Amino acid sequence: MKEEIGLSDSTMLSVEELTYAFDGKKSIFHSLSIDVRPGEFVSVIGPSGSGKSTLFKLITGLLEPDHGEIQIMGERTEQRLGKVGYMPQKDLLIPWKTVLENVVLPLEVRKESKHQKLAEIREWLSRFGLADYEKAYPHELSGGMRQRAAFLRTIMTGKDLLLLDEPFGALDSLTKRNMHSWLLGLWGELQKTVLFITHDLEEAILLSDRIYLLKDEGVHEMRVNLPRPRSSELIYQPEFMAMRKELEWLIHHES
Ligand code: ADP
Ligand code: MG
């Protein structure tokens, strides 16, 4: 649907022939290339230690590649820090700040007035199921709520490209299921581009337009041809199960 906007030819993110190794270690990526188009939801999957979080740190500019190029919105920027909204793997809500105070942090960093935007922010809190919790502290929230608050804070960066590193990874399966339904419902109106790390195959298929599987220093791509809007019931459909099988086959067989 978002391709109708006419942005489909452009690239939101382009990673070309990326090579990276931590000092003195075996390389994690060798000539890895991925791209993400505006409005896409793309997942990166791979076993623990395959380099998913490192890839995100390279994209955000926290790390610099040994070789290769990373472009954000067509810009060959050396200075990538601050160009994308990044939600790190660990929930980093500040424990002594309330939900509202945590969520408005990106506005404070940009020195924008949060008072002007308060009505808009409250609307977002309500969409994120946090309307009654703006004055609550992180420890008073459930796991799902904490992840939603951290996600909302990432959206408040105002960036078009969001990198989410295993946002639902620490949640129990029932809470995770609820988060999927919620996110699928929200996705149509979000108008964002998402690169999403997970090690949960079902989650990757359910949420994504495309999936990149990190393996053996390289990457495999899989397109998810399931219509949107989607519901979490989709996981019981034969097309879904076939895709899951294909992905499992890729993980275990192809190199
Ligand atoms: P994933 O997110 O897929 O679990 P990571 O990107 O965190 O994987 O890690 C990839 C590999 O790089 C692992 O072998 C990990 O031990 C190693 N690694 C991660 N961070 C560092 C670091 N700061 N210094 C050295 N090695 C690291
Ligand atoms: Mg990780």
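Above: the structure in question.
Presented here is an overview of the structure given in this document. Predicted model only: the values in this text are computed from it and were never measured.

### Observations concerning helix α6 (residues 173-190)
With 18 residues, α6 should cover 26 Å at 1.5 Å per step; its first-to-last C-alpha distance of 24 Å lies within 8% of that length. Approximately 25° is the largest bend angle found in α6, and it occurs at L184. Buried residues of α6: K176, M179, H180, W182, L183, L184, L186, W187 and L190, and no others. Contacts made by the buried residues of α6 are with β3 (41-45), α4 (118-127), α5 (143-155), β7 (193-197) and α7 (201-207). Looking at where α6 begins, the residue whose side-chain oxygen comes 3.2 Å from the main-chain nitrogen of L174 is D172. Within two residues after α6, Q191 carries a phi angle of roughly 55°, on the positive side.

### Things to note about empty space enclosed by the protein
The final tally for this structure, using the stated rule, is one cavity of 30 Å³ or more. For the largest cavity, the calculated volume is near 50 Å³. Considering only residue class, the lining of the largest cavity consists of two nonpolar, three polar and four charged.

### Some thoughts on the side chain of D165
Summarising the element assignment, D165 is placed in strand β6 (residues 161-165). One buried charged side chain, D165, makes no salt bridge at all; its nearest oppositely charged neighbour is K57, positioned 6.5 Å away. There is a polar contact of 2.7 Å between the side chain of D165 and the side chain of S53. Excluding its chain neighbours within four sequence positions, the residues that come into contact with D165 are S53, F56, M87, P88, Q89 and I197.

### Remarks on the nonpolar core
Across soluble globular proteins, you tend to see nonpolar side chains buried next to one another. The biggest cluster of nonpolar side chains holds 52 residues, and the ones touching the most others in it are F128 and F151. Ranked by residue count, the leading element in this core is α6, at seven residues. Shared between two domains, this core takes at least three residues from each, and those domains are domain 1 (1-84 + 161-186 + 193-255) and domain 2 (91-158). Not counting the four nearest positions on each side in its chain, F128 is found in contact with R148, F151, L152, I155, W182 and L186. Counting 26 residues, the second-largest nonpolar core is a separate cluster that includes L13, F56, V84 and Y212.

### A closer look at the side chain of T157
By secondary structure assignment, the location of T157 is in the loop between α5 and β6. Setting aside anything within four residues of it in sequence, one finds T157 in contact with G85, P106 and R110.

### Examining the pairing of β7
By the criterion of burial, β7 is predominantly enclosed, with five of the five residues buried. Side chains T193, L195 and I197 of β7 all project onto a buried face; the interleaved residues V194 and F196 project onto the opposite face, where all are buried too. Strand direction decides the pairing type here: β3 and β7, joined by four bridges, are parallel. Looking at the pairing, S43 lines up with F196 of β7. Running through α6, the crossover from β6 to the neighbouring parallel element β7 is right-handed.

### Focus: the coordination of the magnesium ion (ligand 2)
Geometry sets the ideal angles at a metal, namely 109.5 degrees for four tetrahedral donors and 90 or 180 degrees for six octahedral donors. Note on the magnesium ion (ligand 2): its protein donors are S53 (OG) and Q89 (OE1). The metal-donor distances range over 2.1 to 2.4 Å. Taken together, the residues span a long stretch of sequence, with S53 in helix α1 (residues 52-60) and Q89 in the loop between β5 (85-87) and α2 (99-103) at a distance of 36 residues. Residue Q89 is classed as partly exposed on the basis of its relative accessible area of 42%.

### A word on the sheet that holds strand β4 (residues 67-72)
An order of β2-β1-β4 is seen for the three strands of this open sheet, with the pairing classed as antiparallel. Lying at the two open borders of the sheet, with one neighbouring strand each, are β2 (29-36) and β4. Taking each pair of neighbouring strands and ignoring which way they run, the sheet shows an average axis angle of 15°.

Cut-offs used in this document
- Residues numbered from 1 in each chain as written.
- Chains lettered and ligands numbered in written order.
- Predicted model: local features only at pLDDT ≥ 70, side-chain atom pairs only at ≥ 80, totals over all residues.
- Heavy atoms only, no water.
- Helix = DSSP H or I, 4+ residues; strand = E, 2+ residues; numbered from the N terminus.
- Expected span 1.5 Å × (residues − 1).
- Bend = angle between axes of the 7 residues up to and from the residue.
- Buried < 20%, exposed > 50% of the residue type's maximum accessible area, 1.4 Å probe, protein only.
- Contact = heavy atoms within 4.5 Å.
- Polar contact = N/O pair within 3.5 Å; in protein donor to acceptor, adjacent residues only side chain to side chain.
- 1 Å grid on protein atoms, 1.4 Å probe; cavity = no way out; pocket = protein on both sides within 12 Å on 5 of 7 lines; lining within 4 Å.
- Points joined across faces, edges and corners; volume = space filled by probe spheres on them.
- Nonpolar A, V, L, I, M, F, W, Y, C, P; charged D, E, K, R; others polar.
- Lys, Arg positive; Asp, Glu negative; His and termini not counted.
- Salt bridge = Lys/Arg side-chain N within 4 Å of Asp/Glu carboxyl O.
- Core = buried A, V, L, I, M, F, W, Y, C linked by side-chain atoms within 4.5 Å.
- Domains from an automatic or database assignment.
- Pairing = 2+ DSSP bridges.
- Right-handed = clockwise from strand over helix to strand, strands pointing away.
- Donors = N, O, S within 2.8 Å, 3.2 Å for Na, K, Ca; no water.
- Axes fitted to C-alpha atoms, helices over the stretch in contact; angles between N-to-C directions.

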